[in-house]
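Each chain, written out:
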Amino acid sequence: MAASTGMAALADCRPVPYWLDQPDAPAARPALAGGTGAGLAVIGGGFTGLWTALLAKERDPAADVALLEARTVGWAASGRNGGFCSASLTHGIANGEARFPGEMATLMRLGRENLDQIEATVAAHGIDCGFERTGELAVATAPWQLDGLARDAAAARGYGEDVVEFDAAGVRAELDSPTYLGGTWYRGGCAILDPAALAWGLRRACLDAGVRIYEHTPVRSVTDAGHAGLRLSTPRGTVHAPRVALAAGCYQPLLRRLRRYLVPVYDYALITEPLSRPRLDRLGWRHRQGVGDAANQFHYYRLTSDNRILWGGYDAVYYNGGRITHAHDQRPQTFARLAAHFFETFPALAGQVRFTHAWGGVIDTCSRFCAFFGTAYGGRLGYAAGYTGLGVGASRFGANVVLDLLGGEPTERTSLRMVRTKPVPFPPEPVRSAVIQLTRASLARADRHQGRRDLWLRTLDRLGLGFDS
Ligand SMILES: Cc1cc2nc3c(=O)[nH]c(=O)nc-3n(C[C@H](O)[C@H](O)[C@H](O)COP(=O)(O)OP(=O)(O)OC[C@H]3O[C@@H](n4cnc5c(N)ncnc54)[C@H](O)[C@@H]3O)c2cc1C
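Below you will find a few notes about this structure. (Residues numbered from 1 in each chain as written. Predicted model: local features only at pLDDT ≥ 70, side-chain atom pairs only at ≥ 80, totals over all residues. Heavy atoms only, no water.)

## Re helix 4 (residues 104-124)
Each full turn of the α-helix corresponds to 3.6 residues, which orients residues three or four apart in the same direction. Helix length check: helix 4, at 21 residues, gives a terminal C-alpha distance of 30 Å against a target of 30 Å (1.5 Å per residue), a fit within 8%. Within helix 4, the full set of buried residues consists of Met104, Leu107, Met108, Leu110, Gly111, Asn114, Leu115, Ile118, Thr121 and Val122. Looking straight down helix 4, one finds that the buried residues subtend no more than 165° of arc, so they occupy a single side. Exposed positions of helix 4 whose direction lies more than 90 degrees from the buried face are Ala123 and Ala124. Gly126 sits one or two residues past helix 4 and shows a positive phi near 60°. (Helix = DSSP H or I, 4+ residues; strand = E, 2+ residues; numbered from the N terminus. Expected span 1.5 Å × (residues − 1). Buried < 20%, exposed > 50% of the residue type's maximum accessible area, 1.4 Å probe, protein only. Arc of directions from axis to C-beta.)

In C-alpha cells:
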C-alpha cells in the first residue's frame, strides 16, 4: 500500500536537488584566465572553502584571498544536503566520547560556539537561508532503540544540553506518526536551513569582503614553486600562493594521501510540494524540529520555510570502486523505498501530497565519522575533510582549523586530539568494497534483529572502525 502510494507520489519528480533548482541562483563568476598571485588560495567552493575564505578576511581584512571552484559555488554536497546545521563536531556525543575521551567537554563547547557564530554571521550578512534554531528530535521507531535514546539524552544532559524526553504519546504530540515509540528533543543544538541559500549567501559575503572567486576553474595540480610559493594549475591559468587551503570534499586527486581516508558514499533525498496548513496541522510539528530516527539505517526529515517536507537517508550507498559520477545522483529504487517509508511514517498524507524533487549526492565518509585535518608541502597547504554527513555546521570549525594550521601558531583547536590524529585508513580496493558492503549488510541485519550487532560489527566497534553516512 505505502509502496504504490509512494510510486504514484514520485511520478512528476524533477531529478535535481531542490535547493539548487531556484530562479535566484547566482550567475557564475568568470573562470581564471592567465596568471595571478594570492596570499591565500582556497581550492573548493563548498562550505569548507567558503568559510575558510570568509574567516581569513575576518581575521585580516587586508588578506589577499582567491577561491577556485571547479564548477559553481555550492553545487556539490554543500548545496544539496538536508540542511541540518548541528552543533556537533563529532557526529554525536557517543561517537565523540568513544574516540576523543577526555576532550568532549571542550568539543561540545567549541561546537556550541561554532553554531552560535554561524547564526551570528547569517544575521550580520543578512543571509536569507531560512535559518531556524529548532533543535533536533530523535525518535525511536522500534523498541530496541529506546535504551539508546535514553543513554544519549543522559549524556547530553551531562554536558549541559537542553534536552526534553518524550514517551510515545509525548512525541506524537510534537509530531504525529503511528511509528513513534518515544523521542528526545535536543533543543539548542541544531538549526535547519536552506543549504544552497547559505552557500550563495557566504559567496556574496566573500565577494563583499574582497575575496576573488573563480568558478568553472578546476585546479589540476599543485606543485612547489620554491620562493614563489605553491603553484596551482588550472585549464586556462595559474595561481601562485604562499598558503593554500584544500577544501575539495570527497574529490581528492590533488593530495593522494587523502584517498586512503575518504570514501564517497551516496545519500539520497526527496522533497514534497508545500503542505497546506490543515495538512500540516494534522501532523502537529508546531516546533518545526529537524527529525532523525534512531535506526542504523536512519531517515532524516524537516520542514522548509514554505512547509515542504524534505525526507532523506536510509540507503547509504557505496558503489564498488568508489567512482563519483553524475549518473549516481539518481537511484530510482532508493527513491521508491524512501517514498514508501514516508507514507508508512505519515499515513495521514497518503494520496494527499506529491514529491517534486528527488536527488542524491556524495558524502565524504571516513572511518571515524567526523572531520580530520592536516598539512602538506611543509605546512603551506592545509586541509579538512571527512565530515561524514554532518558538515553543514562543522565545516566552519574545519575552516578555522585549516587557518590555524596555516598560521603555524598553536591554538586551542590545533592542540585537540581530534585535530592531531587521523582516522584509520580504509583498505585498498577490492578489499575496500568488500568490507564496506559487508558492513552495510550487517547494519541492515542489526536493524531487523532488535539492534543486535553481529560479530563483524562488534569487531569493528572494538577496533574503533565504522561505516556511516
Ligand atoms: C544528500 C546529502 C545530505 C546531507 N545532509 C546533511 C545534513 O543535513 N547536515 C549536515 O551537517 N551535513 C549533511 N550532509 C553533508 C554536508 O553536505 C557536507 O559535510 C558538507 O557540505 C561538506 O562541505 P565541503 O565544502 O567540505 O565539501 P563540498 O560541498 O563537497 O565542496 C567541495 C567543493 O570542492 C570543489 N572541488 C573539488 N576539487 C576541486 C578542484 N580540484 N579544483 C577546484 N574545486 C574543486 C567541488 O567542486 C566542490 O564544490 C549531506 C550530504 C549529502 C550529499
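## Observations concerning the pairing of strand 15 (residues 290-293)
Judged by which residues are buried, strand 15 turns out to be covered on both faces: Gly290 and Gly292 on one side and Val291 and Asp293 on the other are all buried. Strand direction decides the pairing type here: strand 15 and strand 16 (residues 299-303), joined by two bridges, are antiparallel. Each bridged residue has a counterpart across the sheet, and for Val291 the counterpart in strand 16 is Tyr301. Turn length for the strand 15-strand 16 hairpin, with the two strands adjacent in sequence and antiparallel, is five residues. (Pairing = 2+ DSSP bridges.)

## Some remarks on the sheet that holds strand 11 (residues 230-234)
The mixed open sheet is built from four strands, whose spatial order is 1-12-11-10. Strands at the two margins of the open sheet, each flanked by one partner only, are strand 1 (34-37) and strand 10 (221-224). Going across the sheet, the axis of each strand differs from the next one's by a mean of 20°, ignoring polarity. Relative to strand 12 (residues 237-241), strand 11 is paired through five bridges, and the arrangement is antiparallel. Within strand 12, the residue paired with Leu232 across the bridge is Val239. (Axes fitted to C-alpha atoms, helices over the stretch in contact; angles between N-to-C directions.)

## Some details on the packing of helix 2 (residues 47-59) against helix 7 (residues 195-209)
Where helix 2 contacts helix 7, the two axes come as close as 9 Å, and the packing angle between them is 30°. Considered as vectors, helix 2 and helix 7 are oriented roughly parallel to each other. Regarding helix 2 and helix 7, the two cross each other, and that crossing is left-handed. Residues Phe47, Leu50, Trp51, Ala53, Leu54 and Lys57 of helix 2 pack against Pro195, Leu198, Ala199, Leu202, Arg203, Ala205, Cys206 and Ala209 of helix 7. Across the contact of helix 2 with helix 7, the residue classes break down as 12 nonpolar, no polar and two charged. (Parallel < 35°, antiparallel > 145°, perpendicular 65-115°, else oblique. Left-handed = near helix turned anticlockwise from the far one by under 90°. Contact = heavy atoms within 4.5 Å. Nonpolar A, V, L, I, M, F, W, Y, C, P; charged D, E, K, R; others polar.)

## Remarks on the site of the ligand
Inspection of the region around the ligand gives 36 residues, with Thr48, Glu69, Trp75, Ser78 and Phe84 positioned closest. Between the ligand and the protein, one listed contact pairs an oxygen atom with a backbone N or O atom of Gly391 at 3.0 Å. Out of a free accessible area of 1000 Å², the ligand has 96% covered by protein chains. Those elements giving two or more residues to the shell around the ligand turn out to be helix 2 and strand 18 (355-365). (Near = heavy atom within 4 Å. Polar contact = N/O pair within 3.5 Å; in protein donor to acceptor, adjacent residues only side chain to side chain. Areas by Shrake-Rupley, 256 points an atom, 1.4 Å probe, with all protein chains shown as cover.)

## Observations concerning the pairing of strand 17 (residues 309-317)
Burial runs high along strand 17: eight of the nine residues are buried. Taken together, the five bridges between strand 14 (residues 263-272) and strand 17 define a ladder with antiparallel strand orientation. Counterpart to Ala269 in the pairing with strand 17 is Gly312. The pairing of strand 16 with strand 17 spans five bridges and is classified as antiparallel.

## A closer look at the pattern of salt bridges
Counted by the stated rule, this structure contains 24 salt bridges. Of the charged contacts, one joins Glu161 and Arg112 as a salt bridge, the two residues approaching to 2.5 Å between their closest N and O atoms. Placement of the pair is Glu161 in the loop between helix 5 (145-158) and strand 6 (163-167) and Arg112 in helix 4, with a sequence separation of 49 residues. Here Glu161 falls in the buried class, since its relative accessible area comes to 16%. Overall, Arg112 belongs to the partly exposed group, its relative accessible area being 31%. Across the pair Arg157 and Glu165 runs a salt bridge whose closest N-O atoms are separated by 3.0 Å. (Salt bridge = Lys/Arg side-chain N within 4 Å of Asp/Glu carboxyl O.)

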